[in-house]
Amino acid sequence: NNGSPVWYMQANDERRDMKVLPNGLLTMLVREGGMRYVTYDQNYNQVGSYAAVNGYATDEHELILTPSGNYFLIGMRSNTVDMSRYVSGGNTNCSVSETAIQEFTPAGELIFQWRGLDNFDIRDTHHDNIYSSSFRFPHMNAIDVDDDGHILLSSRHVSEITKINRDSGDVIWRLSGYTQSRSDFTFVNDPLNGFSCQHSIHCMGNNRYLFYDNGNYHNPSESRAVEYQLDLEAKTATVYWQ
């Protein structure tokens, strides 16, 4: 009511993605001493640390802690790819910054990994130039867990929300905006006819999904918060709120 800070800590590095968890703990990205996520109590005593493994660096976009104590991160690493295998005139020695989902137990054991290069068509990248000497793919930037326990993933550079089977890694459905040829759904009652380069997927329950449509490729460019109601039988995505 009087504008006084509840918590306050000044850090020397640029931090990101601060969240207050239901149990009162705080999580945030820390760069100083190596990119990782940390957990603090309300007095800013560090009580946990989280980092990607398997040759992946910790991406700055997301940490999700589940009620069971399991947690999700996005890992990032550079791969050398011969893009001439995919597109005529592609760079034969291209540096592709690839992202992957990783799920861990509370003890830090990796139990699930889902790589962008294994599951998306690299030719669908449209927010970077795939003919250049380097680009990002698919630029995963947000994770959530759906009502049924399976994974929701936002991938900015292919403009797609993907639902992934948490047990098998199979794709359950794709909601694609700019590259609608890949989408399992058609858009209904959407004045912008889909989304592009989105962030921040959130499950709202009952097949409703809220996220931030950056809108880079709307004409003219336009950003919005948008929530879609998915009909899984009719395969439609209807604007519920924006």
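Above this text is the structure in question.
About the cut-offs
Residues numbered from 1 in each chain as written. Predicted model: local features only at pLDDT ≥ 70, side-chain atom pairs only at ≥ 80, totals over all residues. Heavy atoms only, no water. Pairing = 2+ DSSP bridges. Helix = DSSP H or I, 4+ residues; strand = E, 2+ residues; numbered from the N terminus. Axes fitted to C-alpha atoms, helices over the stretch in contact; angles between N-to-C directions. Phe/Tyr/Trp six-rings, centres within 6.5 Å; stacked < 30°, edge-to-face > 60°. Buried < 20%, exposed > 50% of the residue type's maximum accessible area, 1.4 Å probe, protein only.

*Asks:* With reference to specific residues and values, describe the sheet that holds strand β13 (residues 171-176).
*Replies:* Here 4 strands make up an open sheet; going across it, the order is β10-β11-β12-β13 and the pairing antiparallel. Looking at strand neighbours, the two that pair on one side only are β10 (140-145) and β13, the edges of this open sheet. Taking each pair of neighbouring strands and ignoring which way they run, the sheet shows an average axis angle of 20°. Pairing analysis gives 5 bridges linking strand β12 (residues 160-164) to β13, with the strands arranged antiparallel. Pairing of K163 across the sheet is with W173, part of β13.

*Asks:* With reference to specific residues and values, describe the packing of aromatic side chains.
*Replies:* Within the structure shown, the criterion is met by 13 aromatic pairs. When the centroid spacing of 5.6 Å and the interplanar angle of 85° are considered together, the rings of W173 and F185 count as edge-to-face. Linking W173 in strand β13 with F185 in the loop between β13 and β14 (186-188), this pair joins segments that are 12 residues apart in sequence. For the pair W173 and F185, a shared accessibility class is recorded, and that class is buried.

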